[in-house]
Amino acid sequence: MLQPVRRRSLADEIYDQLRRMIVTLELKPGETLVEKELCDRFAVSRTPVREAILRLADHGLVEIAPQHATFVSGIDVRAVRQAHFLRSNLEIPLIRQLCATPGLDLSRPRAILVEQQVMMADTEFASFMPLDDLFHQSLFELGGLREIWSVIHSRKAQLDRIRFLQAPQGGKVPMLVQDHKAILDAIAAQDAAAGEAMLRRHVAGAVIFMEQQLLLEPDAFQPRTTPGEAVFRAHEPG
């Protein structure tokens, strides 16, 4: 029996927008989220804002202080390593499964790859990331495991913050697109060894970068930050 699709709520929309702002470092660690200003920004009552904040806290993206102040959490190094472990141990077996399945219809991930190739010369990483996620989601859908990607996506926000720290490095987007092409080529050729090796390297880049930065700038990667370092105001970034 088909389950009814849950309609997205205002809290879902607010959560998505705040998550994006935190992951892309538009909201930086230590910035305070003022409930009234968030209500004004999104033109909603306090209830959906509070629901969104609780979800962000559950995913380690904000801290709720005892006096009801809420601020953006620091990048949690342990959570980054856990997200990498999760991806490696779920996505690599998926690639092996896809490589062992003859006659797969790869039109969906190939269409996403073409879109990535068209935009990669001019795009910023913030614009590219949704397409990057969509590519990996399409692979899980091919394997009949879309819900597994939802689990990964819900736990990888801290990892994505590292990816945005790494983004200013030149050539990152073209490199990701090249990796995606190589992964698809391996699946099409049913070459599990090549697909696994490429996927393993592909998902490890951000963690390798973080470990290097931990040696160079250890104070930049604290699991917790001091609240009130900056205040988030309810206006459009400018």
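Not measured: the values here are computed from a predicted model.

1. A few points about the overall build of the chain
Right, so step 1: Looking only at helices and strands, the chain has 10 helices and four strands in total.
Right, so step 2: Scanning the chain from its N terminus toward the C terminus, one meets helices and strands in the order α-β-α-α-β-β-α-α-α-α-α-α-α-β.
Right, so step 3: Within the chain, the proportion of its 238 residues that are buried is 45%.
Right, so step 4: Put simply, of all contacts in the chain between residues at least 6 apart along the chain, 77% involve residues at least 24 apart.
Right, so step 5: Carbon and sulfur atoms make up 55% of the accessible area of the chain, which amounts to about 12700 Å² in all.

2. Here's the deal with the nonpolar core
Across soluble globular proteins, you tend to see nonpolar side chains buried next to one another.
Right, so step 1: If you look at the biggest cluster of nonpolar residues, it comprises 48 residues, and the most contacted ones within it are Leu18, Ile53, Leu56, Leu139 and Ile187.
Right, so step 2: The element that contributes the greatest number of residues to this core is helix H6 (residues 125-142), accounting for seven residues.
Right, so step 3: Excluding residues that lie within four positions of it along the chain, Ile53 makes contacts with Leu18, Leu33, Leu38, Val62, Ile64 and Thr70.
Right, so step 4: In terms of nonpolar packing, the next biggest core, distinct from the first, is built from 12 residues, Ala83, Leu159, Ile162 and Phe221 among them.

3. Side note on the layout of surface pockets
Right, so step 1: Taken as a whole, the largest pocket spans an internal volume of roughly 820 Å³.
Right, so step 2: Of all the secondary structure elements, the ones that give two or more residues to the lining of the largest pocket are helix H1 (10-23), H6, helix H7 (146-155) and helix H8 (157-166).
Right, so step 3: When its residues are assigned to classes, the lining of the largest pocket shows eight nonpolar, six polar and 11 charged.
Right, so step 4: Roughly 280 Å³ of internal volume is contained in the second largest pocket.
Right, so step 5: If you go around the second largest pocket, you meet 16 residues; those closest to its centre are His59, Asp76, Ala79, Gln82 and Arg155.
Right, so step 6: For the lining of the second largest pocket, the secondary structure elements donating two or more residues are helix H3 (46-58), helix H4 (77-99), H7 and H8.

4. Looking at the packing of aromatic side chains
Right, so step 1: Taken as a whole and judged by the stated rule, the model has one aromatic pair.
Right, so step 2: Seen from the ring of Phe42, Arg41 lies directly overhead, with NZ or CZ sitting 5.8 Å from the centre.
Right, so step 3: Here Arg55 stacks its cationic end above the ring of Tyr15, 3.9 Å away from the centre of that ring.

5. Observations regarding the packing of H4 against helix H10 (residues 192-216)
Right, so step 1: Between H4 and H10, the shortest axis-to-axis distance is 8 Å and the interhelical angle comes to 170°. With respect to H10, the element H4 is oriented roughly antiparallel. Seen from H4, the contacting residues are Val77, Val80, Arg81, His84, Arg87, Ser88, Glu91, Ile92, Ile95, Arg96 and Cys99; seen from H10, they are Ala192, Gly195, Glu196, Leu199, Arg200, Val203, Ala204, Val207, Met210, Glu211 and Leu214.

6. Remarks on unusual backbone geometry
Glycine aside, the phi torsion of most residues is negative, and most peptide linkages are trans.
Right, so step 1: We note that Leu25 has phi near 70°; this positive angle belongs to a residue other than glycine.
Right, so step 2: Assessed through its relative accessible area of 16%, Leu25 is described here as buried.
Right, so step 3: Despite not being glycine, Gln190 shows a phi value in the positive range, around 55°.
Right, so step 4: With respect to the element layout, Gln190 can be found in the loop between helix H9 (172-188) and H10.

7. Description of H1
Right, so step 1: For H1, built from 14 residues, the straight-helix expectation of 20 Å at 1.5 Å per residue is met to within 8% by its first-to-last C-alpha distance of 20 Å.
Right, so step 2: By the burial criterion, the buried members of H1 are Ala11, Asp12, Ile14, Tyr15, Leu18, Arg19, Met21, Ile22 and Val23.
Right, so step 3: Following H1 by one or two positions, Leu25 has its phi on the positive side, about 70°.

8. Observations concerning the pattern of salt bridges
Right, so step 1: Taken as a whole, this structure holds 16 salt bridges when the rule is applied.
Right, so step 2: Glu91 serves as the salt-bridge partner of Arg87, at 2.9 Å between the closest nitrogen and oxygen. Highlighted residues: Arg87 and Glu91, both in helix H4, separated by four residues, approximately one helical turn. When sorted by exposure, Arg87 lands in the same class as Glu91, which is buried.
Right, so step 3: Note that Glu141 is salt-bridged to Arg146, the shortest N-O span being 3.3 Å.
Right, so step 4: The class for Arg146 is partly exposed, based on a relative accessible area of 46%.
Right, so step 5: Bridged by salt links that share partners, the residues Asp132, Asp133, Lys156, Asp160 and Arg163 form one connected network.

Procedures and definitions
Residues numbered from 1 in each chain as written. Predicted model: local features only at pLDDT ≥ 70, side-chain atom pairs only at ≥ 80, totals over all residues. Heavy atoms only, no water. Helix = DSSP H or I, 4+ residues; strand = E, 2+ residues; numbered from the N terminus. Buried < 20%, exposed > 50% of the residue type's maximum accessible area, 1.4 Å probe, protein only. Contact = heavy atoms within 4.5 Å. Areas by Shrake-Rupley, 256 points an atom, 1.4 Å probe, with all protein chains shown as cover. Core = buried A, V, L, I, M, F, W, Y, C linked by side-chain atoms within 4.5 Å. 1 Å grid on protein atoms, 1.4 Å probe; cavity = no way out; pocket = protein on both sides within 12 Å on 5 of 7 lines; lining within 4 Å. Points joined across faces, edges and corners; volume = space filled by probe spheres on them. Nonpolar A, V, L, I, M, F, W, Y, C, P; charged D, E, K, R; others polar. Phe/Tyr/Trp six-rings, centres within 6.5 Å; stacked < 30°, edge-to-face > 60°. Lys NZ or Arg CZ within 6 Å of the ring centre and 35° of its normal. Axes fitted to C-alpha atoms, helices over the stretch in contact; angles between N-to-C directions. Parallel < 35°, antiparallel > 145°, perpendicular 65-115°, else oblique. Expected span 1.5 Å × (residues − 1). Salt bridge = Lys/Arg side-chain N within 4 Å of Asp/Glu carboxyl O.

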